[in-house]
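# Structural characterization, general
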Amino acid sequence: MTRPMLIDTDPGVDDALALLMAFAHPGVELVALTVAAGNVGLAHTTANALRLVEWVGRQTPVYAGSAMPLVRQAEDAAFVHGVDGFGDTLLSRDASALASGHAAQAICDFAGTHAGELELVMLGPLTNLALALHLDPALPTRIHRLVIMGGAVTGHGNTSRIATEFNIGFDPEAAHVVFSGFPRIELVDWEATLRHGLEMGEFECWLQEGGPIAEIYGRISAATRRFMREHRGTRWHAADALAMAVALEPGHVLECAERAVRICVDDGLARGATLVDWDRRSADAVNCRIMMEYDRDRWRLLLRAALGLAPGER
Ligand code: BDR
Ligand code: CA
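This one's a predicted model, so the numbers in the text were calculated from it and none came from an experiment.

The immediate surroundings of ligand 1 are formed by 13 residues, with Asp14, Asn39, Asn158, Glu165 and Asp240 found nearest. Separating an oxygen atom of ligand 1 from a side-chain N or O atom of Asp14 is a distance of 2.5 Å. Here an oxygen atom of ligand 1 sits 2.6 Å away from a polar atom, N or O, in the side chain of Asp240. Surface burial for ligand 1 is 95%, taken as the share of its 280 Å² of free accessible area covered by protein chains.

This is the structure in structure tokens:
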């Protein structure tokens with residue numbers, strides 16, 4: 001029996017790896033991709049999602065969603081992912097293959113079709129999910145689980161607002177709606193991503209030794225890998241792929257922390273920060289299971305499978 005999973009995404013180089021992991025995993029059925037603006041604009045993120053589906057030879061429907069955050073415009077992350085979101089490979093793709101309807105409505109519809117079973121995985125800004133929650137306030141009761149890549153749980157963010165992580169910082173109001181509306185979130189934050197960096201050299205060996213999917217991923221990730229070498233050293237940090245490991249195989253989480261998490265929507269430097277009640281001093285209900293440690297061998301194995309490599313190969 002496969003588990004129905006819907007992924008909301010803004011591809012994005014690390015989104016692409018996460019999607020390849022999900023497509024390669026025998027335990028899940030990817031019922032749809034819903035897409036938002038984030039890493040780059042919506043025209044590129046939808047085209048990239050369609051490309052991915054085509055590359056893996058699937059029929060998974062792709063729904064376009066929000067082209068902008070709920071309240072304020074935000075800066076994209078083209079400096080990491082390339083202007084087209086896929087390392088400036090500019091592989092063209094016709095957007096006419098998009099499924100009809102808005103991503104937010106699609107989330108509600110699939111939650112209804114797979115009532116009580118749908119696993120929602122959020123790899124980008126939370127705009128589509130906030131809209132879905134407004135369309136259907138009972139959505140949290142209809143889904144089985146919600147996994148979110150976002151936040152920086154002790155304030156080590158990755159944006160110019162020091163404590164803020166990109167997905168939450170792109171649309172803090174949407175994140176506020178989601179974090180105050182969903183009672184049980186499995187959170188994979190940027191700091192966990194930093195702790196689970198892979199040796200760049202090893203990852204690049206895999207890219208060379210894998211099949212056609214590894215070859216394509218090597219092309220679209222080349223500029224980002226260069227950026228990481230220049231700015232972050234010898235580690236490959238793949239935030240969305242780590243969140244996908246948690247989504248696909250939660251049994252390999254070695255350590256987690258259950259805490260109340262709120263989103264700062266104030267103006268100023270803390271806008272978009274994830275405020276965690278580490279010492280349980282507030283009356284806020286615990287809404288997040290924060291992933292602290294994941295089995296690194298299993299994580300590597302899931303990545304290798306996504307690139308078409310068998311578990312035993314080097
Ligand atoms: C997150 O921001 C995006 O740039 C990545 O795709 C990932 O979802 C990491 O902070
Ligand atoms: Ca992303």
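On we go.
Our next topic: the environment of Ala239. Structurally, Ala239 can be placed in helix α12 (residues 239–248). Ignoring anything within four residues of it in the chain, the contact list for Ala239 reads Asp14, Met149, Trp190 and Thr193.

Moving on: the coordination of the calcium ion (ligand 2). Only Asp10 (OD), Asp15 (OD), Asp15 (OD), Leu123 (O) and Asp240 (OD) from the protein coordinate the calcium ion (ligand 2), and they sit 2.3 to 2.5 Å from it. Binding-site remark: the calcium ion (ligand 2) is held by donors from one chain whose sequence spacing is D-x4-D-x107-L-x116-D. Judged by its relative accessible area of 0%, Asp10 is buried.

What the rule picks out here adds up to seven aromatic pairs. Ring centres of Phe203 and Trp206 lie 6.2 Å apart, and the angle between their planes is 65 degrees; this geometry places the pair in the edge-to-face category. Of this pair, Phe203 and Trp206 both sit in helix α10 (residues 200–209), three residues apart, which is roughly one turn of that helix. Consider the rings of Phe203 and Tyr217, whose centres lie 6.4 Å apart with planes at 85 degrees: the pair is edge-to-face. Here the residue Phe203 occupies a position in helix α10, and Tyr217 occupies one in helix α11 (residues 212–232), the gap between them amounting to 14 residues. Summarising the burial analysis for this pair, Phe203 and Tyr217 share the class buried.

The strand order across the open sheet formed by eight strands is β3-β2-β1-β4-β5-β6-β12-β9, and the pairing between neighbours is mixed. Two strands close off the open sheet at either side, each with one partner strand: β3 (62–64) and β9 (253–259). Adjacent strand axes in the sheet meet at a mean angle of 25 degrees when their direction is disregarded. As paired strands, strand β1 (residues 3–9) and strand β4 (residues 119–122) are joined by four bridges and run parallel to one another. Note that in β4 the partner of Ile7 across the bridge is Val121.

Take the side chain of His114 next. Relative to the elements of secondary structure, His114 occurs in the loop between α4 (103–113) and β4. On the basis of relative accessible area, His114 is assigned to the buried category, the value being 16%. Leaving out residues up to four positions away in the same chain, His114 has contacts with Pro4, Val31 and Arg142.

Most of strand β5 (residues 145–149) sits out of view: five of its five residues are buried. Residues of β5 alternate between two faces, with Arg145, Val147 and Met149 on one and Leu146 and Ile148 on the opposite face, all of them buried. Bridge analysis of β4 against β5 gives four bridges, and the strand direction is parallel. By the bridge assignment, Met122 is partnered in β5 with Ile148. Pairing of β5 with strand β6 (residues 185–188) involves three bridges; the strand directions are parallel. Within the sheet, the bridge partner assigned to Ile148 lies in β6 and is Leu187.

Turning next to helix α2 (residues 42–55). Taking 1.5 Å per residue, 14 residues should reach 20 Å; α2 reaches 20 Å between its end C-alpha atoms and fits that length. Buried within α2 we find Leu42, Thr45, Thr46, Ala47, Asn48, Ala49, Leu50, Arg51, Leu52 and Val53. The secondary structure elements touched by the buried residues of α2 are α1 (13–24), β2 (28–35) and β3. Looking one or two places after α2, you find Gly57, whose phi comes out positive at around 70 degrees.

Let's shift gears to α10. For α10, the full list of buried residues reads Met200, Glu202, Phe203, Glu204, Trp206 and Leu207. Tucked into the core, α10 has its buried residues touching α1, β7 (198–199), α11, β8 (235–236) and α13 (296–306).

Here the focus is the pattern of salt bridges. Enumeration according to the criterion identifies 17 salt bridges in this entry. We note a salt bridge from Arg195 to Glu293, for which the minimum N-O separation is 3.4 Å. One end of the pair, Arg195, is in helix α9 (residues 190–195); the other, Glu293, is in strand β12 (residues 288–294), with 98 residues separating them in the sequence. Arg195 sits in the partly exposed class, given a relative accessible area of 32%. In this structure, the salt-bridge partner of Arg225 is Glu204, at a minimum N-O distance of 2.7 Å. Note that Arg225 is positioned in helix α11 and Glu204 in helix α10, a separation of 21 residues in sequence. On the accessibility criterion, Arg225 (10% relative accessible area) is buried. One network of salt bridges, in which partners are shared, links Arg3, Glu119, Arg145 and Glu186.

Definitions and limits used
Residues numbered from 1 in each chain as written. Chains lettered and ligands numbered in written order. Predicted model: local features only at pLDDT ≥ 70, side-chain atom pairs only at ≥ 80, totals over all residues. Heavy atoms only, no water. Near = heavy atom within 4 Å. Polar contact = N/O pair within 3.5 Å; in protein donor to acceptor, adjacent residues only side chain to side chain. Areas by Shrake-Rupley, 256 points an atom, 1.4 Å probe, with all protein chains shown as cover. Helix = DSSP H or I, 4+ residues; strand = E, 2+ residues; numbered from the N terminus. Contact = heavy atoms within 4.5 Å. Donors = N, O, S within 2.8 Å, 3.2 Å for Na, K, Ca; no water. Buried < 20%, exposed > 50% of the residue type's maximum accessible area, 1.4 Å probe, protein only. Phe/Tyr/Trp six-rings, centres within 6.5 Å; stacked < 30°, edge-to-face > 60°. Pairing = 2+ DSSP bridges. Axes fitted to C-alpha atoms, helices over the stretch in contact; angles between N-to-C directions. Expected span 1.5 Å × (residues − 1). Salt bridge = Lys/Arg side-chain N within 4 Å of Asp/Glu carboxyl O.

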